[in-house]
Amino acid sequence: MLRGADFQTGRLPYTGLVATSPLDDSIVTDSASAATAFATGVRVRYTALSMDAAGNRLPTALQAAEQLSKSTGLITTANFWDATPAAFAAHAPTRYETDLIVDQMLESGTEIIAGGGLARFGSEGRPTIDQVAGAAGYALARTAAELAAVKGDRVLAVFDTQPQEIDFPEVRLPVLTRWALDRLSPDPEGFFLVVEQEGTDGASHANHTQKFIDSMISFDEAVGIALDFAAARNDVLLIVAADHECGGLQIHREKGSEMELVWATKAHTGEAVPVFAYGPGAEQFVGFMNGEDLGRKLIGLVR
Ligand SMILES: [Zn+2]
């Protein structure tokens, strides 16, 4: 049975707590406003994507990295245009403007984009994924074999969307993480990479305990890969965070009975979430902060 410090996150020396409230009456957020806070250092309204209430595009940490000629990447087990990766490379009044968001992500200069969503393309009059990738100057990978063989400066890796956004069976998140680090890290200007395990959210929405546990294990493996990479050199900042809580999962055990995992809700909660950090600048990510504070620190360190 794994306990707190047995997880890879137990190896990250600096820890803090993050409140995730959006710019609304409720303290319960969605991924778009929560990820926008991380990506831009600004608190926005529920479902807004790196855009303020006046319609201004908010510059993101990934865009700051691109301007400094660093290589960048966005990896998720959700559809590749889902709110968390999208907040780093696109701007929209709401997260639901998918066509606009896909176009912006592919115009963002991001060297690696990976996630689900294959079925969206080549249907309902939309161009095929080959056409979309080709027009934007991306090499395309749809399988583990294609991913291993793909060449080119920019890669779009798209797989079949998974129920509850758990790992792609053929290419799990730890594999994608290793692949992305190998591709981005040779850049002498540096790199900026966002890796997201969405199954922890998707399985929690479904109150599916086993898929949640599997997704946490996958996430922990990915953290271990990133941390081993960072520990082998002295110039990598690794931040491990959640952009919000979902499901309000509690671990119970009445005296004399078995341990029980009990879900409080199928929605997000207003719980604060932990942040863990390792490497240069990691000491900034301690104590209690808001999501936008984390974002401001992140952008400051990229610049
Ligand atoms: Zn969610």
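The coordinates are above.
Description of the structure in this document. (Residues numbered from 1 in each chain as written. Predicted model: local features only at pLDDT ≥ 70, side-chain atom pairs only at ≥ 80, totals over all residues. Heavy atoms only, no water.)

1. Side note on the sheet that holds strand β2 (residues 71-79)
The five strands lie next to each other as β4-β5-β3-β2-β6, forming an open sheet whose pairing is parallel. Among the strands making up the open sheet, the edge pair consists of β4 (139-141) and β6 (191-196). The sheet shows a mean angle of 10° between the axes of neighbouring strands, taken without regard to direction. In this sheet, strand β5 (residues 155-159) lies alongside strand β3 (residues 112-116) in parallel orientation, the contact comprising five bridges. Opposite Gly-115, over in β5, you have Val-158 as the bridge partner. (Pairing = 2+ DSSP bridges. Helix = DSSP H or I, 4+ residues; strand = E, 2+ residues; numbered from the N terminus. Axes fitted to C-alpha atoms, helices over the stretch in contact; angles between N-to-C directions.)

2. What about the pattern of salt bridges?
Counted under the stated rule, the structure contains 14 salt bridges. Where Arg-142 meets Asp-130, a salt bridge forms, and the shortest distance between an N and an O atom there is 3.3 Å. Of the two residues, Arg-142 is situated in the loop between β4 and α6 (144-149) and Asp-130 in helix α5 (residues 129-135); the sequence distance between them amounts to twelve residues. According to the relative accessible area criterion, Arg-142 is partly exposed, its value standing at 30%. A residue is classified by how much of its surface remains accessible, and Asp-130, at 43% relative accessible area, is partly exposed. Within this structure, Asp-99, Arg-120, Glu-124 and Arg-126 form a network of salt bridges that share partners. (Salt bridge = Lys/Arg side-chain N within 4 Å of Asp/Glu carboxyl O. Buried < 20%, exposed > 50% of the residue type's maximum accessible area, 1.4 Å probe, protein only.)

3. Comments concerning helix α1 (residues 31-40)
The buried fraction of α1 is high, at ten of ten residues. What α1 keeps buried is the set Ser-31, Ala-32, Ser-33, Ala-34, Ala-35, Thr-36, Ala-37, Phe-38, Ala-39 and Thr-40. Those residues of α1 that are buried are in contact with β1 (14-19), α2 (61-67), α3 (83-89), β7 (238-241), β11 (268-269) and α10 (291-302). By the N-cap criterion, in which a side-chain oxygen at the helix start approaches the backbone nitrogen of a residue two or three places on, α1 is capped by Asp-30, the distance to Ala-32 being 3.0 Å. Backbone geometry just after α1 places Gly-41 at a positive phi near 80°. (Contact = heavy atoms within 4.5 Å. Polar contact = N/O pair within 3.5 Å; in protein donor to acceptor, adjacent residues only side chain to side chain.)

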